[in-house]
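Given next are the chains, with one letter for each unit.
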Amino acid sequence: ETVRTPVYNIASTKVQGPGVYALLTSVEISLTQGWNLIGYPVRATRPVSEALRSIDGIYTLVYGHNPADPSAPYALYCHRGCDANAYIGYRPLQVLEFGRGYWLYVDRPITLYLKGSE
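Below you will find a few notes about this structure.

Conventions adopted
- Residues numbered from 1 in each chain as written.
- Predicted model: local features only at pLDDT ≥ 70, side-chain atom pairs only at ≥ 80, totals over all residues.
- Heavy atoms only, no water.
- Helix = DSSP H or I, 4+ residues; strand = E, 2+ residues; numbered from the N terminus.
- Rg over C-alpha atoms; globule rule 2.2 N^0.38 Å.
- Core = buried A, V, L, I, M, F, W, Y, C linked by side-chain atoms within 4.5 Å.
- Buried < 20%, exposed > 50% of the residue type's maximum accessible area, 1.4 Å probe, protein only.
- Contact = heavy atoms within 4.5 Å.
- Pairing = 2+ DSSP bridges.
- Polar contact = N/O pair within 3.5 Å; in protein donor to acceptor, adjacent residues only side chain to side chain.
- Phe/Tyr/Trp six-rings, centres within 6.5 Å; stacked < 30°, edge-to-face > 60°.
- Salt bridge = Lys/Arg side-chain N within 4 Å of Asp/Glu carboxyl O.

A closer look at the overall build of the protein chain
Okay, step 1: Within the protein chain, the regular secondary structure consists of one helix and 11 strands.
Okay, step 2: Taken from the N to the C terminus, the helices and strands of the protein chain come in the order β-β-β-β-β-α-β-β-β-β-β-β.
Okay, step 3: Taking 2.2 N^0.38 as the reference for a compact globule, 118 residues should give roughly 13 Å; the C-alpha atoms of the protein chain span a radius of gyration of 18 Å, well beyond that estimate.
Okay, step 4: The principal-axis extent of the C-alpha atoms belonging to the protein chain is close to 60 × 30 × 25 Å.

As structure tokens, then:
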């Protein structure tokens, strides 16, 4: 049984003997077919393709918005089956950042698994 202590950001459990143990985390987000507005909840900045690896082949476009950049506030990541030339005027979206919102287009309902922070 794992004991969680959120105040100290600690999870602990009894172990059965010597060895190497690892605590792995992920965040699950249910997506519906079409456009989904998601908040990126991982306290780490990751390249879009790495962050969305669990749904590779299912998503097409990712839009981001950064109001602190008034000259080019909208960014776009064009994945598979997407014609990037159709989106002239958008700067490239390269990373997903903690606390920001993103519009994500998926071909079918699926669960997105985001790797927890290191």
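Picking up after the structure, the text goes on.
Digging into the nonpolar core
Okay, step 1: With 23 residues, the main nonpolar core has Leu 52, Ile 55, Val 62 and Leu 104 as its most contacted residues.
Okay, step 2: Elements supplying a minimum of two residues to this core: strand E3 (26–31), helix H1 (48–51), strand E6 (59–65), strand E7 (74–78), strand E10 (101–106) and strand E11 (110–115).
Okay, step 3: Residues within four places of Leu 104 in sequence aside, it is in contact with Leu 31, Gly 34, Trp 35, Asn 36, Ile 38, Leu 52, Ile 55, Tyr 59, Leu 61, Val 62 and Leu 112.

Concerning the pairing of E10
The two faces of the sheet receive side chains in turn, since in a regular strand these alternate between them.
Okay, step 1: Burial along E10 is one-sided: Tyr 102, Leu 104 and Val 106 are buried, while Gly 101, Trp 103 and Tyr 105, pointing the other way, are not.
Okay, step 2: Pairing of strand E4 (residues 34–39) with E10, which is carried by six bridges, proceeds in the antiparallel orientation. Bridge pairing links Gly 39 to Gly 101 in E10.
Okay, step 3: Two strands pair when backbone bridges link them, and E6 and E10 are joined in this way by four bridges, in the antiparallel orientation. Bridge pairing in E10 links Tyr 63 to Trp 103.

Re the side chain of Arg 46
Okay, step 1: Mapped onto the elements, Arg 46 comes out in strand E5 (residues 46–47).
Okay, step 2: Residue Arg 46 is classed as buried on the basis of its relative accessible area of 5%.
Okay, step 3: Among the polar contacts made by the side chain of Arg 46, one reaches the main-chain carbonyl oxygen of Lys 115 at a distance of 2.9 Å.
Okay, step 4: A polar atom in the side chain of Arg 46 sits 2.9 Å from the backbone oxygen of Gly 116.

Here's the deal with the packing of aromatic side chains
Okay, step 1: Per the stated rule, a full pass over the model turns up four aromatic pairs.
Okay, step 2: Relative to Tyr 105, the ring of Trp 35 lies with its centre 5.2 Å away and its plane at 65 degrees, an arrangement referred to as edge-to-face. Residue Trp 35 is found in strand E4, and its partner Tyr 105 is found in strand E10; the two are separated by 70 residues along the sequence.
Okay, step 3: Judged by its relative accessible area of 39%, Trp 35 falls in the partly exposed class.
Okay, step 4: The exposure class of Tyr 105 is partly exposed, given its relative accessible area of 26%.
Okay, step 5: When the ring of Tyr 63 is compared with that of Tyr 90, the centres are 5.5 Å apart and the planes differ by 65 degrees; the resulting orientation is edge-to-face.

Section: the pattern of salt bridges
Okay, step 1: Inspection of the entire model under this criterion finds three salt bridges.
Okay, step 2: Its salt-bridge partner being Arg 100, residue Glu 97 comes within 3.6 Å of it at the nearest N-O pair.
Okay, step 3: Residue Arg 100 is classed as partly exposed on the basis of its relative accessible area of 28%.

No statement about biological role is implied by the geometric values presented.
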